[in-house]
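Structural description and commentary
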Amino acid sequence: MHDHDHGSATRTFAWVTLINLAYTALEAGYGIATDSLALLSDALHNLGDVMGLALAWAAAAIARRPPTDRHTYGWRRATLLSPLANAVLLVAFSGALAWEAIRRFNAPPEIPALPVIVVAALGIGVNLGAAWLVRGGHAQDLNRRGAFLHLVADAAVSLVAVLAGIGMLTFGWKWLDPVTGLLIGAVVALGAFGLLRDAFDAAMDAVPRGLDRAQVHDFLVAQPGVQAVHHLHIWSLGAGEIAMTAHLVRAQGADHDHFIDRLNHELDERFGINHPTLQIEYGAACAHDLHDRAPHAH
């Protein structure tokens, strides 16, 4: 089932990347022909997203590689590194768009509005259709989430470009073209901030957002026979996979195998932790993990 899911994700990213690349080329061509910053900035934004989608595509493909003696978890963490690079790209492009928009305010060029409206309206359909393709599981899969947010933001940006084109066509407001560029830069920056924060947290092995470490700790302490819990760490292994390690102090003679099997199931059901590693210890004074080579255990 896992291989099937990764294979489906790879094909989806491939289709979405190619569709957006084709539209980006079309939009850039019309932007150059009409000298429209609205179209050029949207095309530049789309190009950044195509690069980001290509990273997500590559990450989904790499994640299918099986574990090895050296990479014992496989390559699934590639789905965490891809959104980080993706977010950095978005921030960089938003700055470039804002700079060009400000430069044009003094002398906005004459822009033929109708091509802007038509091409940007096409972009709304392309981006919403592509977002629909990657919608499944985007709440849990940071890689898909990055792609989904990009595509929805692109649809919103294209809508702004359509409205700007209507304003230029109806009222002759040439200043709408650079204003649209500034708005696009703001949309890109705002969308990138949350993704950059979450991707950085995941790369730094932070507890996944939405999971409360204290609640997990209290749940473990409340289990039958558990006297103490230490060395509790929770982090993301990759898309849809959460790992945990914990040392549980428990009396000798208990049925530890049955206890661990039940606890593994409940951790998955309650918290979505599907890769737990539990170590049973005897006696509350256990300190063999508290040494200079493991400072995180102190």
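The numbers attached to residues start from 1 for each chain and follow its sequence in the written order. Per-residue local features of the predicted model are confined to residues with pLDDT of at least 70, and side-chain atom pairs are confined, for both listing and counting, to 80 or more; whole-chain, interface and lining totals are unaffected and use all residues. For side-chain calculations, the full set of non-hydrogen atoms in the structure is used, while hydrogens and water are omitted.

**A closer look at the pairing of strand E2 (residues 241–250)**
A simple rule labels every residue: compare its accessible area, found with a 1.4 Å probe on the protein chains alone, to the largest value its type can have, and call it buried under 20%, exposed over 50%, or partly exposed in between. Numbering of helices and strands runs from the N terminus; a helix is a DSSP stretch of H or I covering at least four residues, while a strand is a stretch of E covering at least two. Buried residues dominate E2, accounting for 9 of its 10 residues. The pairing criterion for strands is at least two bridges between them, as found by DSSP. Across 9 bridges, strand E1 (residues 226–238) lies against E2 in antiparallel orientation. In the sheet register, valine 229 faces E2, and the bridge partner there is leucine 248. As defined by bridge partners, E2 adjoins strand E3 (residues 275–281) across 7 bridges and the pair is classed as parallel. Within E3, the residue paired with histidine 247 across the bridge is glutamine 279.

**Focus: helix H8 (residues 256–271)**
For a helix, the expected span equals 1.5 Å multiplied by the residue count minus one. Along its 16 residues, H8 runs 21 Å from first to last C-alpha, staying within 8% of the 22 Å computed at 1.5 Å per residue. Should any heavy atoms of two residues lie within 4.5 Å, those residues are counted as being in contact. For H8, the elements touching its buried residues are helix H7 (213–221), E1, E2 and E3. Glycine 272 occupies a position one or two residues after H8 and carries a positive phi of about 75 degrees.

**Comments concerning the confidence of the model for the protein**
When pLDDT is averaged along the protein, the result is 79; 84% of the residues meet or exceed 70. The weakest mean pLDDT in the protein belongs to helix H2 (residues 37–62) at 73; the strongest belongs to H7 at 96. A score between 0 and 100, pLDDT records how confident the predictor is in each residue.

**Observations concerning the packing of aromatic side chains**
A pair of aromatic rings is counted whenever rings of Phe, Tyr or Trp (Trp by its six-membered ring) have centres within 6.5 Å, and the orientation is called stacked for planes under 30 degrees apart, edge-to-face for over 60 and tilted otherwise. Tallying each qualifying case throughout the model produces 3 aromatic pairs. Relative to tryptophan 173, the ring of phenylalanine 171 lies with its centre 4.5 Å away and its plane at 20 degrees, an arrangement referred to as stacked. Tryptophan 173 sits in the partly exposed class, given a relative accessible area of 37%. Relative to phenylalanine 271, the ring of phenylalanine 219 has its centre 5.6 Å away and its plane inclined at 70 degrees; by these criteria the two rings are edge-to-face.

**Let's talk about the nonpolar core**
Joining through side-chain atoms within 4.5 Å is the link that ties buried Ala, Val, Leu, Ile, Met, Phe, Trp, Tyr and Cys residues into a set, and such a set is a nonpolar core. Among the nonpolar cores identified, the biggest contains 19 residues, and Val216, Leu220, Met244, Leu267 and Ile273 are the most heavily contacted of them. If you list the elements that add at least two residues to this core, you get H7, E1, E2 and H8. Of all hydrophobic cores here, the second largest spans 11 residues; its members include Tyr23, Ala38, Val119 and Ala164.

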